[in-house]
Amino acid sequence: LKKVLTEKYTFEEGNIEVIRNPTGDEILTAFEKISEKLTENDNLLIFYAGHGKFDQKRDAGYWVPRNASWVKPTTWLSNSTIVEQIRGIGSKHTLLISDACYSGSILMSGGESRAIRNNANMNIANNMKRQSRKAMTSGAMTEVPGKSDFMKFLIRELDENEERFLSAEDLYITIKPAIMSGDSGTEPKFGAIKSAKRSEEHT
């Protein structure tokens, strides 16, 4: 993903931070560093590939970092915490791409999955003017396979794209049918993380 973003898109090497197999504290520290650095003139892509859990009793989804116990929910990072961290970042546009089991639950945590337009490219100029907080996930409320069809088709589409501008919505529209026609049996999701916007941005 980093390779295709730096070679084909306007992502600079020095602006990309890769955290491999992080602890919960390392993830939260990275969010804090980003919130101190980014302004309303910046755009942000957050990519998470890792373990995910869904707690039926709490009706909540979680990221499971390296130092977490698989059987102790108190050691997991809740979606509400992730949304809270995103809300603290003052970027113009933030897109979270999550490739994890139960990743679609981020759109339940104050999220709002919505209908996808068929003319997304025509609206890019208008969309760029408005602040946005979006999420694209490899699945809904299910487990996803270890060998990810989502990543395969995501990277392929990014690499083969010839359009000057590619919205997250157009990217999702393109890769969803390919993923669903595969053997994984998963359905990717896309939508606005409504509660990730600061209160003054709702008006």
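Owing to the predicted nature of the structure, the values given are computational and were not obtained by experimental measurement.

**Let's talk about the overall build of the protein chain**
For the protein chain, the count of helices and strands is 6 helices and 8 strands. Shown N-terminal to C-terminal, the secondary structure of the protein chain runs as helices and strands in the order α-α-β-β-β-β-α-β-β-α-β-α-α-β. For the protein chain, the proportion of its 203 residues judged to be buried stands at 40%. As displayed, the protein chain offers around 11,600 Å² of accessible surface, 48% of which is attributable to carbon and sulfur atoms.

**Structural notes on the environment of alanine 192**
Counting through the fold element by element, alanine 192 comes out in strand S8 (residues 189–192). Assessed through its relative accessible area of 15%, alanine 192 is described here as buried. C-alpha of alanine 192 to C-alpha of lysine 134: the two residues are 58 residues apart in sequence and 4.3 Å apart in space.

**Description of the nonpolar core**
Within the largest apolar cluster, 19 residues are counted, with the highest numbers of intra-cluster contacts made by Phe31, Trp63, Ile82, Ile86, Leu96, Ile106 and Ile193. Grouped together as the second largest cluster of nonpolar side chains are 16 residues, Leu5, Leu95, Met136 and Leu154 included.

**Some remarks on the pattern of salt bridges**
Where charged atoms from two side chains of opposite charge come close, those side chains can pair. Tallied over the full model, the rule gives 8 salt bridges. One salt bridge in this structure joins aspartate 149 and lysine 152, with 3.8 Å as the shortest N-O distance. A residue pair is termed a helical-turn pair when its members lie 3 or 4 positions apart in one helix, as aspartate 149 and lysine 152 do in helix H5 (residues 149–160) at 3 residues. Each of Lys176, Glu187 and Lys189 takes part in a single network of salt bridges with overlapping partners.

**Observations concerning the packing of aromatic side chains**
Counted according to the given criterion, the structure contains 4 aromatic pairs. When the ring of tyrosine 48 is compared with that of tryptophan 63, the centres are 3.9 Å apart and the planes differ by 5°; the resulting orientation is stacked. Of this pair, tyrosine 48 sits in strand S1 (residues 43–49) while tryptophan 63 sits in strand S3 (residues 60–64); the two residues are 15 residues apart in sequence, bridging distant segments of the chain. The exposure class of tyrosine 48 is buried, given its relative accessible area of 9%. Judged by its relative accessible area of 6%, tryptophan 63 falls in the buried class.

Rules behind the numbers
- Residues numbered from 1 in each chain as written.
- Predicted model: local features only at pLDDT ≥ 70, side-chain atom pairs only at ≥ 80, totals over all residues.
- Heavy atoms only, no water.
- Helix = DSSP H or I, 4+ residues; strand = E, 2+ residues; numbered from the N terminus.
- Buried < 20%, exposed > 50% of the residue type's maximum accessible area, 1.4 Å probe, protein only.
- Areas by Shrake-Rupley, 256 points an atom, 1.4 Å probe, with all protein chains shown as cover.
- Core = buried A, V, L, I, M, F, W, Y, C linked by side-chain atoms within 4.5 Å.
- Salt bridge = Lys/Arg side-chain N within 4 Å of Asp/Glu carboxyl O.
- Phe/Tyr/Trp six-rings, centres within 6.5 Å; stacked < 30°, edge-to-face > 60°.

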